[in-house]
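Residue-level structure breakdown
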Amino acid sequence: MAAPEGEAAAADGGGAGDGGDGGDEEALKRLEVGPRAGPPAGEGAGTPGEGGKGLPWRRKGRPEGTGGSEAAIRFIFNPIPNYFCPPPPQALVTDLYNFRDSLPARDPAHDPTHGPTHDHAHGHAPDPAQDPLVAEMERTLKLMEQIHVSPEGRGRALVLRARALGVAPEAGGARAELALGHALKLDPALGVAWRQLGEQRWRRGDLRGAREAFGGALQQGEDPEARRLHSMALRAQGAGPGPRGEGPAPGGAGPGPGGGALRESLAQAEAAVRPRDGQSWYVLGNAHVSLFFAGGQSPGSARRALAAYAQAERVDPAAAANPDLHLNRATLLQYLERFQGALEGLSRAADLAPQWEEPRRRHQQLIGYLGDLCRLLETRGKLRGKRRRGVAGPVPLPLLGPLGGAGGPRPSPIAGLRPGPNPHRVVLGRALFSLTPPGGVPYTIGLQDGGGAVAAVTVYNSAPNWGVAVGDAVGVAEPVLSQHLHQHQGQTFSFVSLRVPSPLSLVVNGKRPPGHALAPPRLALTNPSAMPDEATPPSRC
């Protein structure tokens, strides 16, 4: 695969990337044209050759071939003589990322380098004097420029430079892409350069370009990390924009939910799995969750997703401490009405990421929804007097409409149902209330049957403008009954629910709801931290 046109053109000329100080282009040209002069004669392993060209200082035992692994990068830099010995570049980059991880979490509301009035909000890079991470990045780049590079190692040296610039994407992202373009011009077979280029494109919203770059990495050889990223980019492109804006950018739109993008995403995630790699199992779980919501909510997809998440936790302590894993699994468990596991997962995600507001907010919302539901069922929707008497007693069977008559399902009281599916049965009752939780899933109807028993009818895939009124006669065909008893943080939630996959499965006042009452869930991606992390909450529309 040839080097990308834009990056190759940048390598031929032009100014430094945004946020640069003019030194980037000079440093890149030095790496592209040749190494700087070697040490003084008699020092180190090499001396200046004829014509003023410095001979590289070679490490004995360097493996043959260029390869595509980041691990090989450390072999292309030559030992520095004793009179000046900075750390090897790989160690410099590792130290830079360790420095980043040691910094306290930033509060955007109080961080002068990340507020809406700061320069970089208007297209300028953060000031190194105000941002310690940017200052450390620039210091690391200067140290890397002092290390001599063998001619065959220039491409990988540029990859390491891009890796250093990627530690602060707002300041170094454009410069990192420039460096990767130079690297691929020198060696189009550098798989690691293609992979990092895909990551940089994704960070600036170019999902289509990211997919092409990850595909370029895979053309150079098997790369499980590139497969994982490719899977995630396919999923993001096929899912539509999420509430945090991590969906496809304009010009990068892909196929809709349930299309070929999500199926290809699953195939890439499966191919990327390594038995002891928790991250690969986590990404596979996300792929199954995406297909579950976009592909008809197959129970098999849900089971496979939960199994992949469990395997990630078993084989990798880091995956077990990943808040995104707990949030995504809680999202699926909540949709499956396994509320105990959902509450515990949201609570765990909030504990692991104290600065991340979403799991804490959703935890509070779920507790609020379950509490409101139990209170409304217990008080019969808080109906009093004439309104309460109006919903009491048996409902006339003609209000079953298309569900009534010979050959139809047999009417049954709530008490006559068994846990799980109840084929060839129908429950007929009156609506006591309706409850729409934050996010709209599920639309919930409090139903009272002719004998006075109550249950929550949880309706999925309903349009936001559809609903029932208090007193409406509601028939629930082939109900799936669950008996809930959940205890969490000192609260107990106990109720009976009847799950309905679609509003079109109901009969309201003797008639089926109109077709526009149906709205399949839309997959949304959220990403509070680094680009590759994912969460997949469904929404009602």
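All values reported here derive from a predicted model rather than from experimental measurement. (Residues numbered from 1 in each chain as written. Predicted model: local features only at pLDDT ≥ 70, side-chain atom pairs only at ≥ 80, totals over all residues. Heavy atoms only, no water.)

1. Considering the overall build of the protein
- Scanning the protein from terminus to terminus reveals 17 helices and 11 strands.
- Evaluated residue by residue, the protein yields a buried proportion of 51% over its 541 residues.
- Expressed as a percentage of contacts within the protein between residues at least 6 apart in sequence, the contacts between residues at least 24 apart total 64%.
- Total accessible area computed for the protein in this model is approximately 23,800 Å², and 53% of it derives from carbon and sulfur atoms. (Helix = DSSP H or I, 4+ residues; strand = E, 2+ residues; numbered from the N terminus. Buried < 20%, exposed > 50% of the residue type's maximum accessible area, 1.4 Å probe, protein only. Contact = heavy atoms within 4.5 Å. Areas by Shrake-Rupley, 256 points an atom, 1.4 Å probe, with all protein chains shown as cover.)

2. Quick notes on unusual backbone geometry
- A cis geometry characterises the amide bond from Val441 onward to Pro442, with omega recorded as -5 degrees.
- Mapping Pro442 onto the fold places it in the loop between strand 3 (425-435) and strand 4 (443-449).
- Here the phi dihedral of Glu337 falls at roughly 65 degrees; this positive angle occurs in a residue that is not glycine.
- Position of Glu337 among the secondary structure elements: in the loop between helix 14 (323-335) and helix 15 (339-352).
- The backbone phi angle of His424 is positive, close to 65 degrees, even though this residue is not glycine.
- Counting through the fold element by element, His424 comes out in the loop between strand 2 (420-421) and strand 3.
- Judged by its relative accessible area of 59%, His424 falls in the exposed class.

3. Quick word on the packing of helix 14 against helix 16 (residues 357-378)
- Between helix 14 and helix 16, the shortest axis-to-axis distance is 11 Å and the interhelical angle comes to 20 degrees. One way to sum up the angle between helix 14 and helix 16 is to call them roughly parallel. The two elements helix 14 and helix 16 meet at a crossing, and its hand is left-handed. Residues Leu327, Thr331 and Gln334 of helix 14 touch helix 16, and the partners they reach there are Glu358, Pro359, Arg362 and Leu366. (Axes fitted to C-alpha atoms, helices over the stretch in contact; angles between N-to-C directions. Parallel < 35°, antiparallel > 145°, perpendicular 65-115°, else oblique. Left-handed = near helix turned anticlockwise from the far one by under 90°.)

4. Considering helix 12 (residues 299-315)
- Between the first and last C-alpha of helix 12 there are 25 Å, a value that for 17 residues agrees with the 24 Å anticipated at 1.5 Å per step.
- Taken as a whole, helix 12 has its buried residues at Gly300, Ser301, Ala302, Ala305, Leu306, Ala308, Tyr309, Ala312 and Val315.
- Against helix 11 (278-294), helix 13 (317-320) and helix 14 lie the buried residues of helix 12. (Expected span 1.5 Å × (residues − 1).)

5. Quick notes on the pattern of salt bridges
- This model, assessed by the stated rule, comprises 16 salt bridges.
- In this structure, Arg499 and Glu337 form a salt bridge, with 3.8 Å as the shortest nitrogen-oxygen distance. Of this pair, Arg499 sits in strand 8 (residues 491-500) while Glu337 sits in the loop between helix 14 and helix 15, and the two are 162 residues apart along the sequence.
- In this structure Arg499 comes out as partly exposed when scored by relative accessible area, which is 21%.
- When its relative accessible area of 6% is taken as the criterion, Glu337 is described as buried.
- Each of Glu177, Arg204 and Asp206 takes part in a single network of salt bridges with overlapping partners. (Salt bridge = Lys/Arg side-chain N within 4 Å of Asp/Glu carboxyl O.)

6. What about the nonpolar core?
- Counting 61 residues, the largest nonpolar core has Trp202, Leu366, Leu370, Leu373 and Phe495 as the members making the most contacts within it.
- Among the elements that line this core, the one with the most residues is helix 11, at nine residues. (Core = buried A, V, L, I, M, F, W, Y, C linked by side-chain atoms within 4.5 Å.)

7. Describing the packing of aromatic side chains
- Tallying each qualifying case throughout the model produces eight aromatic pairs.
- Each ring, one from Tyr335 and one from Tyr460, has its centre 4.9 Å from the other, and the planes form 65 degrees; the classification is edge-to-face. On the criterion of sequence distance, the pair formed by Tyr335 in helix 14 and Tyr460 in the loop between strand 5 (454-459) and strand 6 (473-477) is long-range, its members being 125 residues apart.
- Members of the aromatic cluster, each reached through a chain of ring pairs, are Phe292, Phe293, Tyr335 and Tyr460. (Phe/Tyr/Trp six-rings, centres within 6.5 Å; stacked < 30°, edge-to-face > 60°.)

8. Structural notes on the packing of helix 15 against helix 16
- Look at helix 15 against helix 16: their axes get within 8 Å of each other, and the N-to-C directions meet at 150 degrees. Compared by their axis directions, helix 15 and helix 16 come out roughly antiparallel. Crossing handedness for the pair helix 15 and helix 16: left-handed. Of helix 16, the residues touching helix 15 (which contributes Phe339, Ala342, Leu343, Leu346, Ser347, Ala349 and Ala350) are Pro359, Arg360, Arg362, His363, Leu366, Ile367 and Leu370.
- Broken down by class, the residue content of the contact of helix 15 with helix 16 amounts to 10 nonpolar, two polar and two charged. (Nonpolar A, V, L, I, M, F, W, Y, C, P; charged D, E, K, R; others polar.)

9. Structural notes on the confidence of the model for the protein
- Mean pLDDT for the protein: 80, with 72% of residues reaching 70 or above.
- With pLDDT under 50 throughout, residues 107-123 is counted as low confidence; its partners more than four residues away or in other chains account for 25 contacts.
- pLDDT under 50 marks residues 532-541. Its contacts with residues more than four places away, or in other chains, come to 57 contacts. (pLDDT = per-residue confidence, 0-100.)

10. A few points about the environment of Arg227
- Mapped onto the secondary structure, Arg227 falls in helix 9 (residues 224-239).
- A relative accessible area of 19% places Arg227 in the buried class.
- As for Arg227 and Ser265, which are separated by 38 residues in sequence, their C-alpha atoms are 9.1 Å apart.
- Once residues lying within four places of it in the same chain are set aside, the contact partners of Arg227 are Leu218, Glu222, Gln268, Ala271 and Ala272.
- Reaching out from Arg227, the side chain makes a polar contact with the side chain of Glu222 at a distance of 3.0 Å. (Polar contact = N/O pair within 3.5 Å; in protein donor to acceptor, adjacent residues only side chain to side chain.)

11. What to know about helix 3 (residues 89-102)
- In this model, helix 3 (14 residues) spans 20 Å end to end at C-alpha, consistent with the 20 Å of a helix rising 1.5 Å per residue.
- On the buried face of helix 3, the contacting elements are helix 4 (132-145) and helix 5 (154-165).

12. Some details on the pairing of strand 7 (residues 480-488)
- Where strand 2 meets strand 7, two bridges bridge the pair, whose relative direction is antiparallel. Paired with Gly420 across the bridge in strand 7 is Leu481.
- Sheet topology note: the strand 7/strand 8 ladder contains nine bridges and is antiparallel. Residue pairing across strands places Ser482 opposite Ser497, the latter belonging to strand 8.
- Hairpin connection, strand 7 to strand 8: the antiparallel pair is bridged by two residues, and Gln489 has positive phi, about 50 degrees. (Pairing = 2+ DSSP bridges.)

13. Examining the environment of Pro132
- If you trace the backbone, Pro132 turns up in helix 4.
- When its relative accessible area of 43% is taken as the criterion, Pro132 is described as partly exposed.
- When the C-alpha positions of Pro132 and Phe99 are compared, they lie 9.6 Å apart, and in sequence the two are 33 residues distant.

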